[in-house]
Amino acid sequence: MLGICIENVRKNLPLVHNITNYVTVNDVANVILACGGSPIMSDEPLDVEDITSICGGLNINIGTLNKSTIEGMKLAGKKANELNHMVLLDPVGAGASKLRTETAVSLMDTIKFDVIRGNISEIKTLALGSGTTKGVDADAADTVTEENLEQMVEFAKNFSAKTGAITAITGAIDLVSNSEKCYVIRNGRPEMGKITGTGCQLSGMMTAFIVANPDNKLEAAAAAVCTMGLAGEIGWSYMQDGDGNSTYRNRIIDAIFNMNEKTLDEGAKYEIK
Amino acid sequence: MLGICIENVRKNLPLVHNITNYVTVNDVANVILACGGSPIMSDEPLDVEDITSICGGLNINIGTLNKSTIEGMKLAGKKANELNHMVLLDPVGAGASKLRTETAVSLMDTIKFDVIRGNISEIKTLALGSGTTKGVDADAADTVTEENLEQMVEFAKNFSAKTGAITAITGAIDLVSNSEKCYVIRNGRPEMGKITGTGCQLSGMMTAFIVANPDNKLEAAAAAVCTMGLAGEIGWSYMQDGDGNSTYRNRIIDAIFNMNEKTLDEGAKYEIK
Amino acid sequence: MLGICIENVRKNLPLVHNITNYVTVNDVANVILACGGSPIMSDEPLDVEDITSICGGLNINIGTLNKSTIEGMKLAGKKANELNHMVLLDPVGAGASKLRTETAVSLMDTIKFDVIRGNISEIKTLALGSGTTKGVDADAADTVTEENLEQMVEFAKNFSAKTGAITAITGAIDLVSNSEKCYVIRNGRPEMGKITGTGCQLSGMMTAFIVANPDNKLEAAAAAVCTMGLAGEIGWSYMQDGDGNSTYRNRIIDAIFNMNEKTLDEGAKYEIK
């Protein structure tokens, strides 16, 4: 079911405009290429409108925002909305600083997002105006668990109803939801948290997925989450003696590069609530 | 013939000042180290003149330009020209936005470049004021093919005659030309397009090559192109089950690290027109 | 003795705020994760005070400084001092440009640093107002050798006495010193110089080490240097036919990921002077 979504990326070669942080940007580019898309990066206010116009989707990630790139995000988002392009928000570190929280809220006020993807602390911050945060990682107190699952599924649906965007909350258990339906996904490995930027990579890839599957955005977003998690499992299976987080990073991207419809359909672990 | 050029890089340890995009900058640095050069990055207008003064060459790449770095490019280029340093332009995304096209044109108007290296869409944009572009990749409609080869060789020679710079047009078939002589190079693999920044890496390495071979700039530029393509072939030969574009990226840089005169001379595939 | 320091990092999960260059930032993040810390990057003046407040330490690296990030460094450093957080300075390229030298000096005048880590040329520049430099690498004329070792140990102790900071001078022989005691460390391999940013990576990791070992800062800084050098030795032992500097980069980070108290205690090569 979800497998067809990655095939559509490989067929359509979606061009994705990324305004993203300089920490993980290279991996974001290589992941977009690995899944079949084509990345372009531009954050200068004088440049972003032209660049986003030739793309199919826009990925906004506030990981290392600054005054100039925030202006770029706003101009690019407005233009992308005018052109009915897909737009995704990754509110990295919302809750960790006033500027990040306010920027994320302000972007949500002025841009219509198709997907908002973050960890549970970031999404709680945006939903409730609060949320504990440990830097750019979710706080343990906020985790989605089997115990609070029903409640968190409701939370995700409500956040989607309020924002009009698909909500993607990623962690040990991932939730991908619109206001009515929620994919609960159990792919992935805990060691992925020892690599910087797997969340940023997912946001870039997810943008490519929704651009290539415009009529099935919820499924496409869920498929991107399953692809990332499954790549984490497959990549881990190739780990050898002496390997660590740097080699694991490569192996995950490699597994995305080799992912196809069949592998994804067989490996995706999800239920719909 | 070309092999001696990489030996000269290893002997001379050229210091290369890079004003380049934040997407692929780490790979650019590691490629310059791999071929025997030494990289330094600086884009702040207050810093670039001092930095470029202690280097042998300057690599200007407009991949994620902004108002401040454009000013840095102009100041560094002017200083490098005063000091008779080698200067290379990589007009990433020329044709994809007004700012990129205008910046590349403005740089060409004010700085004397030793080499201009880009894909065919970028170079056509600079030569003709037009050119189709697919983001930062060349458009299929613009490809250099066996069918249009003679015509494209003429185009490259004419662009060199007009600009006074060596023209390096890279793609499935690469052209490295001055106004009279054109290397037609057939090294490389199509999978290199699935790695972000092989073009940026080549520009950084090519700057090191021309700095270390000042009396044979055309040969040095061609040798850098052959080194990159051949490294793509050698790197691919080490690929194993489960490997993808991320591991391939490492293998290509590794192959440059291990490249020597003999390997390059035996593996370089080119003709001169 | 030093091995306990890395165990403390793994136990305490120190959050490290990095204002660092965009060349090597991804590797810095992955190295901090590899040793057991958690990285966050932020350089925007409006953001840095909040971010540094939630962290345990601040790593300031001037590798690709600009007007805005210099302001960010000053604000973050001041706030970190107020909160008694650990603060480290990596004066990349001090001596290579007026801006870098002046910025490093100005930061030292206004911020109390717990550690200053650089190559010998950079530290000499800060100590003596002079020092030869080859871009971002130390000049050969400045090397710490067995012949000048006693003299250099004195120099490191004096620099610590003058600045009140631990001095970490890294190269073929590494010195980690306060005003009274100097670790002379002989781990590492020359091939590490063929990878961009091993110094930056070390600065990030060292910040995590001192945060997690606040009562033994000198030992912690020395342990970080031994960890990096030993990882270079272990990583090299995994190198295979065809591998080069890019794979070596991954192997070093992997070795840090797998480092534990026992490995570090058995592999650390140092004497105290």
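Residues numbered from 1 in each chain as written. Chains lettered and ligands numbered in written order. Predicted model: local features only at pLDDT ≥ 70, side-chain atom pairs only at ≥ 80, totals over all residues. Heavy atoms only, no water.

Trainee: I tried to follow the pairing of strand β1 (residues 15-19) of chain C on my own but got confused; where do I start?
Mentor: Moving residue by residue along a regular strand, the side chains alternate between the two faces of the sheet. All names here are of chain C. Of all five residues making up β1, five are buried, and the element is well covered by its neighbours. Here β1 shows no split at all, with Leu15, His17 and Ile19 on one side and Val16 and Asn18 on the other all buried. On the question of chirality, the crossover connecting β1 to the parallel strand β2 (residues 38-41) by way of helix α2 (residues 25-35) is right-handed. Pairing analysis gives four bridges linking β1 to strand β3 (residues 57-61), with the strands arranged parallel. Within β3, the position partnered with Val16 by the bridge is Gly57. (Buried < 20%, exposed > 50% of the residue type's maximum accessible area, 1.4 Å probe, protein only. Helix = DSSP H or I, 4+ residues; strand = E, 2+ residues; numbered from the N terminus. Right-handed = clockwise from strand over helix to strand, strands pointing away. Pairing = 2+ DSSP bridges.)

Trainee: Teacher, can you tell me more about the interface of chain A and chain B here?
Mentor: Bring the parts together and some accessible area is lost; that lost area is often taken as the interface size. With 31 residues of chain A at the interface, the matching set in chain B holds 31 residues. Taken together, the two surfaces of chain A and chain B that pack against each other cover about 2,700 Å², and 49% of this comes from carbon and sulfur. The tally of links between chain A and chain B comes to three salt bridges. Salt-bridge contacts for Glu44(A) lead to Lys67(B); the nearest nitrogen and oxygen are separated by 3.0 Å. Joining chain A to chain B, the criterion identifies 20 residue pairs in polar contact (both at pLDDT 80 or more). For the side of chain A that touches chain B, the secondary structure elements donating two or more residues are α2 (25-35), β2 (38-41), α3 (45-53) and α10 (245-258) of chain A. (Contact = heavy atoms within 4.5 Å. Buried area = accessible area lost by both parts, 1.4 Å probe. Salt bridge = Lys/Arg side-chain N within 4 Å of Asp/Glu carboxyl O. Polar contact = N/O pair within 3.5 Å; in protein donor to acceptor, adjacent residues only side chain to side chain.)

Trainee: What is the right way to read the relation of the copies chain A and chain B from this model?
Mentor: Between the two chain copies there is a screw-like relation: a rotation about an axis and a shift along it. Here chain A sits on chain B after a turn of 120° about the axis and a move of 0.0 Å along it, with an RMSD of 0.0 Å. Within this description, the copies of the chain are treated as partners about a three-fold rotation axis. Measuring from the rotation axis to each C-alpha of chain A, the shortest distance belongs to Tyr22(A), at 3.6 Å. Different-surface contact between copies: only 10% of interface residues of chain A are shared with the interface of chain B. (Least-squares fit on C-alpha atoms with pLDDT ≥ 70 in both.)

Trainee: Looking at this structure, how should I read the sheet that holds strand β9 (residues 174-177) of chain A?
Mentor: For sheets, the rule is that strands pair by backbone hydrogen bonds, running either parallel or antiparallel. Residues and elements named next belong to chain A. Here we have nine strands laid out as an open sheet, ordered β2-β1-β3-β4-β5-β8-β9-β10-β11, and mixed in their pairing. Edge positions in the sheet fall to β2 and β11 (270-272), since each has one partner strand and no second. Direction aside, neighbouring strands of the sheet carry axes that sit 20° apart on average. Judged from the four bridges that link them, β9 and strand β10 (residues 182-185) form a sheet pairing that is antiparallel. Directly across from Leu175, in β10, lies its bridge partner Val184. Lying over the sheet, α3 contacts β1 (15-19), β2 and β3 (57-61), oriented at roughly 160° with respect to β1. The strands touched by helix α8 (residues 198-212) within the sheet are β1, β3, β4 (86-90), β5 (115-118) and β8 (166-169), with β4 carrying the most contacts at an inclination of about 165°. (Axes fitted to C-alpha atoms, helices over the stretch in contact; angles between N-to-C directions.)

Trainee: Any chance you could explain the packing of helix α2 (residues 25-35) of chain B against helix α10 (residues 245-258) of chain B here in plain terms?
Mentor: For any two helices packed against each other, the geometry is given by the interaxial angle and the distance between the axes. All names here are of chain B. The interhelical angle for the contact between α2 and α10, taken along N-to-C directions, is 25°, at an axis separation of 7 Å. Classified by the angle between their axes, α2 and α10 sit roughly parallel to one another. Between α2 and α10, the contacting residues are Asp27, Asn30, Val31, Ala34 and Cys35 on the first element and Arg249, Ile253, Ile256 and Phe257 on the second. Here the contact of α2 with α10 is built from residues that sort into six nonpolar, one polar and two charged. (Parallel < 35°, antiparallel > 145°, perpendicular 65-115°, else oblique. Nonpolar A, V, L, I, M, F, W, Y, C, P; charged D, E, K, R; others polar.)

Trainee: Just to check I follow, could you spell out helix α7 (residues 149-163) of chain B for this structure?
Mentor: Along an α-helix, a turn takes 3.6 residues, which lines up residues three or four apart on a common side. Residues and elements named next belong to chain B. With 15 residues, α7 should reach 21 Å at 1.5 Å per residue; the first-to-last C-alpha distance of 21 Å fits that figure. Where α7 is concerned, the buried positions are Leu149, Met152, Val153, Phe155, Ala156, Lys157, Phe159 and Ser160. One or two positions beyond α7, positive phi appears at Gly164, with a value near 75°. (Expected span 1.5 Å × (residues − 1).)

Trainee: Explain the packing of aromatic side chains to me, please; I cannot follow it from the model alone.
Mentor: How two aromatic rings sit relative to each other is set out by the distance from centre to centre and by the angle between their planes. Residues and elements named next belong to chain A. Per the stated rule, a full pass over the model turns up eight aromatic pairs over all chains. When the ring of Tyr183 is compared with that of Tyr270, the centres are 5.4 Å apart and the planes differ by 50°; the resulting orientation is tilted. Taken together, the positions of Tyr183 in strand β10 and Tyr270 in strand β11 put the pair 87 residues apart, joining distant regions of the chain. (Phe/Tyr/Trp six-rings, centres within 6.5 Å; stacked < 30°, edge-to-face > 60°.)

Trainee: Got a minute to help me understand the sheet that holds strand β5 (residues 115-118) of chain B in this structure?
Mentor: Residue and element names in this part refer to chain B. Strand order in the open sheet formed by nine strands is β2-β1-β3-β4-β5-β8-β9-β10-β11, and the pairing between neighbours is mixed. Looking along the sheet, the strands with just one partner apiece sit at the ends: β2 (38-41) and β11 (270-272). Pairwise comparison of adjacent strand axes, ignoring direction, gives a mean angle of 20° for this sheet. Of the strands in this sheet, β1 (15-19), β3 (57-61), β4 (86-90), β5 and β8 (166-169) are in contact with helix α8 (residues 198-212), which crosses β4 at around 165°.

Trainee: Even after reading the chapter, I still don't get the relation of the copies chain C and chain A, so can you show me in this structure?
Mentor: Superposing chain C onto chain A requires a rotation of 120° together with a translation of 0.0 Å along the rotation axis, leaving an RMSD of 0.0 Å. Both copies present different contact surfaces, since only 12% of the interface residues of chain C are interface residues in chain A too.

Trainee: Looking at this model, I keep getting lost on a nonpolar patch on the surface. Mind explaining?
Mentor: Residues and elements named next belong to chain A. Taken together, the side chains of Met1, Tyr270 and Ile272 define a hydrophobic patch exposed on the protein surface, amounting to about 340 Å² of accessible area. For Met1, the location among the structural elements is in the segment before α1 (3-12). Looking at Met1, the relative accessible area reads 75%, which means it is exposed. (Patch = residues over 30% accessible without salt bridge, like charges linked within 9 Å, V, L, I, M, F, W, Y side chains within 5 Å. Areas by Shrake-Rupley, 256 points an atom, 1.4 Å probe, with all protein chains shown as cover.)

Trainee: For this particular structure, what's the right way to read the confidence of the model for chain A?
Mentor: Reading fine detail from the predicted coordinates is not recommended where pLDDT is low. Of all residues in chain A, 96% have pLDDT values of 70 or greater, and the mean over the chain is 96. Interface confidence for the predicted complex, expressed as ipTM, amounts to 0.96; the pTM equals 0.97. (pLDDT = per-residue confidence, 0-100.)

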